[in-house]
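In case you want the letters, here they are:
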Amino acid sequence: MRVGEGTRVLVTGASRGIGRSVAVAFAYRGATLGLVARSEDDLRAVVEELPSVDHKILIADVGDRGQMAGC
C-alpha cells in the first residue's frame, strides 16, 4: 500500500508511544489523520509536532469527558 495524499489513517493511542510515532510518520507522508486518545490536551501537543498540513486533523478524546474537536 502506498501512503500519501488521499490516504486516511485512524490512529488510536495517538498521544504516546507507538501510536504517537505512527501518527507522526503518516503525517510526514501526507496522510489525513484521525487521532484518538484519552486526553485532548495530549493530542493537541502531538498535533503541534506534526508538519504543516493543508488538511484537517480530527481529534477524539475518549477519556472521561469524551469530546471531539477539529484542528
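Refer to the preceding data block for the structure.
Scope of this entry: the structure provided in the associated data block. (Residues numbered from 1 in each chain as written. Predicted model: local features only at pLDDT ≥ 70, side-chain atom pairs only at ≥ 80, totals over all residues. Heavy atoms only, no water.)

### A short note on the pairing of strand S1 (residues 8–12)
What you see with S1 is a clean split: Val9 and Val11 sit on the buried side and Arg8, Leu10 and Thr12 on the side with no burial. Summarising the sheet, S1 and strand S2 (residues 32–37) pair through five bridges and their orientation is parallel. Within the sheet, the bridge partner assigned to Arg8 lies in S2 and is Thr32. A crossover connection joins S1 to the parallel S2 through helix H1 (residues 17–28); in handedness this β-α-β unit is right-handed. (Buried < 20%, exposed > 50% of the residue type's maximum accessible area, 1.4 Å probe, protein only. Helix = DSSP H or I, 4+ residues; strand = E, 2+ residues; numbered from the N terminus. Pairing = 2+ DSSP bridges. Right-handed = clockwise from strand over helix to strand, strands pointing away.)

### A word on the nonpolar core
Core analysis: the biggest nonpolar cluster contains 13 residues, and Val9, Val11, Ala14, Leu33, Leu35 and Leu43 have the highest contact counts within it. Of all the secondary-structure elements, those providing two or more residues to this core are S1, H1, S2 and helix H2 (40–49). In terms of residue count, S2 provides more of this core than any other element does, three residues in total. (Core = buried A, V, L, I, M, F, W, Y, C linked by side-chain atoms within 4.5 Å.)

### Quick word on the environment of Val46
Within the fold, Val46 resides in helix H2. Since its relative accessible area comes to 0%, Val46 is described here as buried. In sequence terms Val46 and Ser21 are 25 residues apart; their C-alpha atoms lie 9.6 Å from each other. Residues within four places of Val46 in sequence aside, it is in contact with Ala14, Ser15 and Arg20. (Contact = heavy atoms within 4.5 Å.)

### Describing the pattern of salt bridges
Across all of its chains, the model carries three salt bridges by this definition. Note that Asp42 is salt-bridged to Arg16, the shortest N-O span being 3.2 Å. On the criterion of sequence distance, the pair formed by Asp42 in helix H2 and Arg16 in the loop between S1 and H1 is long-range, its members being 26 residues apart. We note a salt bridge from Glu49 to Arg20, for which the minimum N-O separation is 2.4 Å. Taken together, the residues Glu49 in helix H2 and Arg20 in helix H1 connect sequence positions 29 residues apart. Note on Arg20: relative accessible area 22%, which makes it partly exposed. (Salt bridge = Lys/Arg side-chain N within 4 Å of Asp/Glu carboxyl O.)

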